[in-house]
Structure formats: structure tokens, C-alpha cells
Amino acid sequence: MSYADNDGVSLYYETTAPATHGSDTETVALVEGLGYGRWMWRWQRDRLADEGYRVVVFDNRGTGDSDAPEGPYTIAEMASDLEAVLADAGVERAHVVGASMGGMIAQQYALDYDRAESLGLLCTSHGGEEALDVPEETQARMFGVPDDADEREAIRYKMEPAMSDDFWADNDDLIEDIVDWRLKGDATDAGREAQAAGVMAFDSSDRLADVDVPVLVAHGTDDRVLPVENADLIYEKLSNVQLAVFEGGPHLFFIEQADAVNDRLVEFLAHV
């Protein structure tokens, strides 16, 4: 168990080492989305380790085994948490991969710090007036849980728009496992609200052109949380960038289409 300190905020992190590693082993840091714990990357961390990367995952402030200081939080604060984790882990350079809110943190990190080797921006947005917001129907599901729903039912209710209808219907056992992982490792209600404040205030649109590392932008075409058009907006503002669009992919496309996403991510990293 490892903890990094960022100005009094304790941040829990884990590292997964490849079977064979040395001084030239590259590191991938994975940054999760709003309210999600580090369990979110279970489909990526082993594959990346198998490919020879050292993998770092951590709980954002307000989440899991990290501290939950009083909010609201900013994306810049959460980017500074990533910096503290990588410094504590002895990582000089890292490929930073973030999904949703984690993609916002990754953008901010590349702008504020010099440790990023590349960025993977999954199902995310640059924020600001140009960005496409979460559709009203999805917001209603995320923030309008029925009063009579118990804790498990509430998680399922809020999570359903992030998955495709077919996957939701055909994978009830896995969804129950995910609910278990979320109950154990996700943000507290207060932590989630504090993170959400950072998401709402985030806007990197006028600074993205300053990102000078290679970037992979990946998104699902059927994302009902952050519409796929946000990927195009990010892509248009970057110079050293690749775009990967996954047909039929929902917001959690890196879970539903994990093999295809992992293949594309590994291909990108191999040529950075």
C-alpha cells in the first residue's frame, strides 16, 4: 500500500510492474472519471503490464482510499494530485491516460507539469462554451435517483446511460460485480459533488494548442454522457494528435470494447 501526500491530502496509489522491467521501462498513469475508483481500469492495467509497461493507478481525492477534503475541488488541484503520486512513485516521465473527468485532469496535467510523455484522452471534453454538455436526459438519470431506490439500485440507475442497451441487457452478472466494486471503492457523495464542481468549471479550450506531447483522442459514437462531438473539438485544437472513434461505443466504451480499445492504445504508445 502506497500513499503520496499533496499539501496534507493523502492519495492512495498502486503500481503494477511488468514481468520483465529495467531502467528503461516506461510508465502509464491511469486517471479515472467522476466518482469512480481505481477499479475502473481493471480492463487496462493488466494488458498494459503484459505489454511491458509499469502501470500506476490512484484514487482521486474524494474517492476510495484517498482523503476526501472539503470541496469544491478544481481540476488543477486533481492534476497536482497526479503530480504528487508520480513524484512519490519515482516516475520521471509517464504516458497519462484519462477517461471522462480523468481526461480533463490529463489535459490540465500536460499544461501545468512537464512529466507527461503523451496523453490518452478517452470519452472526455475540453469544457467551456464550445463543448457539448451532458444531455438533459442523462443528467436526469445521474442526479434524479428515485426516492425509494436502495444503494445498489441507485448505482445501477445512475450508471445505465454510460453503457449500451445491449451490453446492459446481456451482462447482468458483470454489472452486479461493478456495483460491488463501486460500493467498495467509489467516491463519497460529498467527494463526488466536490469533483463535479471541478468538472463544471473546467475549460482548457483556449490552452489546448499549448499541449506539445503526442495525444490519442478516443471516443465512442454512442456516448450518452459526453457526446462524441467533443472528441472532434479536442482533435481540431491539437497538432500532434490521433483520433480513434469506436462505432457503437457508449461512455464506458473502454469496458465494453476493452480489447479493441486496448489494442489501439498499445499501438499508440508503441509509436510515441
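Residues numbered from 1 in each chain as written. Predicted model: local features only at pLDDT ≥ 70, side-chain atom pairs only at ≥ 80, totals over all residues. Heavy atoms only, no water.

In this section: the UniProt feature "domain: AB hydrolase-1" (unreviewed entry) in the protein chain. Feature annotation in UniProt assigns "domain: AB hydrolase-1" (unreviewed entry) to the following positions: residues 33-263. Between the end C-alpha atoms of residues 33-263 the distance is 21 Å, and the span holds 44% helix and 13% strand. (UniProt positions renumbered as here; feature names shortened; annotations may be inferred. Helix = DSSP H or I, 4+ residues; strand = E, 2+ residues; numbered from the N terminus.)

The next thing to look at is the side chain of Asp223. Tracing the backbone through its elements, the reader meets Asp223 in the loop between strand S7 (215-220) and helix H9 (229-237). One buried charged side chain, Asp223, makes no salt bridge at all; its nearest oppositely charged neighbour is Arg224, positioned 7.5 Å away. At 2.8 Å, the side chain of Asp223 forms a polar contact with the side chain of His251. (Buried < 20%, exposed > 50% of the residue type's maximum accessible area, 1.4 Å probe, protein only. Lys, Arg positive; Asp, Glu negative; His and termini not counted. Salt bridge = Lys/Arg side-chain N within 4 Å of Asp/Glu carboxyl O. Polar contact = N/O pair within 3.5 Å; in protein donor to acceptor, adjacent residues only side chain to side chain.)

Across a sheet, paired strands are connected by hydrogen bonds in the backbone, their directions being either parallel or antiparallel. Taken in spatial order, the eight strands line up as S1-S2-S4-S3-S5-S6-S7-S8 in an open sheet, and their pairing is mixed. Of all the strands in the sheet, just strand S1 (2-6) and strand S8 (241-246) have a single pairing partner and so form its edges. Averaged over all adjacent pairs, the angle separating strand axes in this sheet is 25°, with direction ignored. Sitting on the sheet, helix H2 (residues 75-88) touches S1, strand S2 (9-16), strand S3 (27-31), strand S4 (54-58) and strand S5 (94-99), and the angle it makes with S1 is about 130°. (Pairing = 2+ DSSP bridges. Axes fitted to C-alpha atoms, helices over the stretch in contact; angles between N-to-C directions. Contact = heavy atoms within 4.5 Å.)

Glancing now at the pairing of strand S6 (residues 116-122). Most of S6 is tucked away, with six of its seven residues classed as buried. Relative to S6, S5 is paired through six bridges, and the arrangement is parallel. Bridge pairing links His95 to Ser118 in S6. For the handedness criterion, the β-α-β arrangement of S5, helix H3 (residues 101-112) and S6 is classed as right-handed. Here S6 pairs with S7 via four bridges, running parallel. Among the inter-strand pairings, Leu121 is bridged to a residue of S7, identified as Val217. (Right-handed = clockwise from strand over helix to strand, strands pointing away.)

This brings us to the pairing of S7. Of all six residues making up S7, six are buried, and the element is well covered by its neighbours. Neither face of S7 is open: one carries Val215, Val217 and His219, the other Leu216, Ala218 and Gly220, and all of them are buried. Bridge count between S7 and S8: six bridges; the pairing is parallel. Across the sheet, the residue bridging to Val215 is Val241, located in S8. For the handedness criterion, the β-α-β arrangement of S7, H9 and S8 is classed as right-handed.

Now for the packing of H2 against H3. Where H2 meets H3, the axes come as close as 8 Å, and the angle between the chain directions of the two elements is 75°. It follows that H2 is roughly perpendicular to H3 by the angle criterion. Facing H2, whose interface residues are Ile75, Ala76, Met78, Ala79, Leu82, Glu83 and Leu86, H3 presents Met101, Met104, Ile105, Gln108, Tyr109 and Asp112. Partitioned by chemical class, the residues of the contact of H2 with H3 number 10 nonpolar, one polar and two charged. (Parallel < 35°, antiparallel > 145°, perpendicular 65-115°, else oblique. Nonpolar A, V, L, I, M, F, W, Y, C, P; charged D, E, K, R; others polar.)

Quick look at the nonpolar core now. Of all hydrophobic cores here, the largest spans 43 residues; its most connected members are Leu82, Leu86, Val96, Leu119, Val211, Val215 and Leu238. Filtering out sequence-adjacent residues up to four positions away, Val215 remains in contact with Leu119, Leu121, Leu238, Asn240, Val241, Gln242 and Phe268. Ranked by size, the runner-up nonpolar core spans 39 residues in total, among them Tyr36, Leu122, Ile178 and Val261. (Core = buried A, V, L, I, M, F, W, Y, C linked by side-chain atoms within 4.5 Å.)

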